[in-house]
Amino acid sequence: MEIKVDSTKRKNTAVALFGDSISKGLFLQEGKICRIGRNAAVIVAERYRLRIDNFSAFGQTLRKCREKRLFDTFLDNTGDFARKKAVIALGGNDCDYDWKKVSEDPFGYHLPNTPLPLFEEMLGEVTEKFKSHGLLPVFTSLPPVSSQRYFDNVICKKAEREQILKFFAGDVTNIARHQECYNAAILKCAAAHGCDFIDFRTEFLLKTDCADYISDDGIHPNAKGHLLIADIVSEYIDGKTAAGAGSFRFA
């Protein structure tokens, strides 16, 4: 996919990005946090000379953002919403579990960091909060998970393999299916509130070499994956501009 951008164009819109380690270009390698310098946010900012205020953080969840009043602080301290876009790219950590606790009692009752009903409820609340300030947020999909890689290289580094397999009833693909439910919740929220939804997940899944776009940890896009995300975001921006949408007009 080749994206051509007119370098003479300059955006007059600032973007507030609320995400997690993916939006920061972070990933895990041998238990260490590593960074992709030219991640999707950086590439898009360079292509459009766009200012992106990146409020993303490693381990960030929608629940943590609400508890830290991150959205409220942004809305209370932002003046000209006409020149702002807010992008919410969360959910990957919300659907994760405390694997050490699961390992200790694999047949017990365990909840993810943000249970799905609560996640859906909070998405609606956050969207309504932004809308009350005249700002319609843009949502992004979650990248697909490589269940086996995540199980081998992340979960089993912090929990007992056989115990976790009991929790999964021997089927590690439960990881990807569980995460898919959160992606569907994001899409439903966007549709219900008339928000834009940037779907890069489908492009990942349609690739026969999808695994080549995911880091060894199974959950974070690698440099190749971030370039793919940047290309899809660029198509979204170009499409909004071509349609004459005020949100992404060029100066």
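Residues numbered from 1 in each chain as written. Predicted model: local features only at pLDDT ≥ 70, side-chain atom pairs only at ≥ 80, totals over all residues. Heavy atoms only, no water.

The chain goes by SGNH/GDSL hydrolase family protein in an unreviewed UniProt entry, where it is assigned to Candidatus Borkfalkia excrementavium.

*Asks:* Mind showing me how you'd approach the pattern of salt bridges here?
*Replies:* If charged atoms from side chains of opposite charge come close, those side chains can pair. Within this structure, the stated rule accounts for 13 salt bridges. Ionic pairing is found between arginine 47 and aspartate 231, a salt bridge with its closest N-O pair at 2.7 Å. Linking arginine 47 in helix 2 (residues 40–48) with aspartate 231 in helix 11 (residues 223–242), this pair joins segments that are 184 residues apart in sequence. Each member of the pair arginine 47 and aspartate 231 is classed as buried. Between arginine 201 and glutamate 180 there is a salt bridge whose closest N-O contact spans 2.7 Å. With a gap of 21 residues between them, arginine 201 in helix 10 (residues 201–206) and glutamate 180 in helix 9 (residues 174–193) connect regions that are remote in the sequence. By relative accessible area, which is 34% here, glutamate 180 ends up partly exposed. One salt-bridge network, held together by shared partners, links Arg51, Asp53 and Lys84. (Salt bridge = Lys/Arg side-chain N within 4 Å of Asp/Glu carboxyl O. Helix = DSSP H or I, 4+ residues; strand = E, 2+ residues; numbered from the N terminus. Buried < 20%, exposed > 50% of the residue type's maximum accessible area, 1.4 Å probe, protein only.)

*Asks:* How should I be thinking about the packing of aromatic side chains in this particular structure?
*Replies:* Two measures describe an aromatic ring pair: the distance that separates the ring centres and the angle between the ring planes. Under the criterion given, the structure shown has 16 aromatic pairs. Consider the rings of phenylalanine 74 and phenylalanine 130, whose centres lie 6.2 Å apart with planes at 35°: the pair is tilted. In this pair, phenylalanine 74 sits in helix 4 (residues 70–76) while phenylalanine 130 sits in helix 6 (residues 116–132), placing the two residues 56 residues apart along the sequence. On the basis of relative accessible area, phenylalanine 74 is assigned to the buried category, the value being 6%. Taking the relative accessible area as the measure of exposure, phenylalanine 130 reaches 0% and is therefore buried. Counting every residue linked through ring pairs, the aromatic cluster contains Phe18, Phe55, Phe71, Phe74 and Phe130. One residue, lysine 224, lies across the ring of tyrosine 213, its end atom 4.6 Å from the ring centre. (Phe/Tyr/Trp six-rings, centres within 6.5 Å; stacked < 30°, edge-to-face > 60°. Lys NZ or Arg CZ within 6 Å of the ring centre and 35° of its normal.)

*Asks:* Help me understand the sheet that holds strand 6 (residues 138–140) in this model?
*Replies:* Across a sheet, strands are paired by hydrogen bonds formed along the backbone, either parallel or antiparallel in direction. On the basis of which strands lie adjacent, the open sheet formed by five strands has the order 4-1-5-6-7 and parallel pairing. Edge positions in the sheet fall to strand 4 (51–54) and strand 7 (197–198), since each of these pairs with one other strand and no more. Summarising the sheet, strand 1 (residues 14–19) and strand 4 pair through four bridges and their orientation is parallel. Its bridge partner being in strand 4, valine 15 is matched across the sheet by isoleucine 52. (Pairing = 2+ DSSP bridges.)

*Asks:* Just checking my understanding: could you explain the layout of surface pockets for this structure?
*Replies:* A probe matching the size of a water molecule, rolled over the atoms, marks out where space remains unfilled. Estimates place the volume of the second largest pocket at around 210 Å³. Around the second largest pocket sit Leu28, Gln29, Glu30, Gly31, Asn153, Val154, Lys157, Lys158, Asp216 and Asp217, which together line it. Going through the elements one at a time, strand 2 (26–29) and helix 7 (147–158) are the ones with two or more residues in the lining of the second largest pocket. Among the elements that make up the lining of the second largest pocket, the one with the highest residue count is helix 7 (four residues). In the lining of the second largest pocket, the residues fall into two nonpolar, three polar and five charged. (1 Å grid on protein atoms, 1.4 Å probe; cavity = no way out; pocket = protein on both sides within 12 Å on 5 of 7 lines; lining within 4 Å. Points joined across faces, edges and corners; volume = space filled by probe spheres on them. Nonpolar A, V, L, I, M, F, W, Y, C, P; charged D, E, K, R; others polar.)

*Asks:* In this structure, what is going on with helix 6? I would like to understand it.
*Replies:* Think of an α-helix as 3.6 residues a turn; residues three or four steps apart then line up on the same face. Here helix 6 spans 24 Å end to end across 17 residues, near enough to the 24 Å set by a 1.5 Å rise per residue. Of the positions making up helix 6, those classed as buried are Phe119, Met122, Leu123, Gly124, Val126, Thr127 and Phe130. At the C-terminal side of helix 6, glycine 134 shows a positive phi close to 80°. (Expected span 1.5 Å × (residues − 1).)

*Asks:* How should the side chain of asparagine 222 be read in this particular structure?
*Replies:* Following the sequence through the fold, asparagine 222 ends up in the loop between helix 10 and helix 11. In contact with asparagine 222, not counting residues within four places along its chain, are Ile36, Asp212, Tyr213, Ile214 and Ser215. (Contact = heavy atoms within 4.5 Å.)

*Asks:* Before we go on, may I ask you to explain unusual backbone geometry in this structure?
*Replies:* In terms of backbone geometry, most residues other than glycine have negative phi values and most peptide bonds are trans. In this structure, arginine 49 takes a positive phi of about 50° despite not being glycine. Within the element layout of this structure, arginine 49 appears in the loop between helix 2 and strand 4. Look at arginine 69: it is not a glycine, yet its phi comes out positive at around 55°. Of note, arginine 69 is situated in the loop between helix 3 (62–67) and helix 4.

*Asks:* Help me understand the packing of helix 6 against helix 9, please; the structure alone is not making it clear to me.
*Replies:* The interhelical angle for the contact between helix 6 and helix 9, taken along N-to-C directions, is 30°, at an axis separation of 10 Å. The orientation of helix 6 relative to helix 9 falls into the category roughly parallel. Between helix 6 and helix 9 lies a crossing whose hand is right-handed. Within the contact between the two elements, helix 6 uses Leu116, Phe119, Glu120, Leu123, Gly124, Thr127, Glu128 and Lys131 and helix 9 uses Cys181, Tyr182, Ala185, Ile186, Lys188, Cys189 and His193. Looking at the contact of helix 6 with helix 9 residue by residue, the class counts come to eight nonpolar, three polar and four charged. (Axes fitted to C-alpha atoms, helices over the stretch in contact; angles between N-to-C directions. Parallel < 35°, antiparallel > 145°, perpendicular 65-115°, else oblique. Left-handed = near helix turned anticlockwise from the far one by under 90°.)

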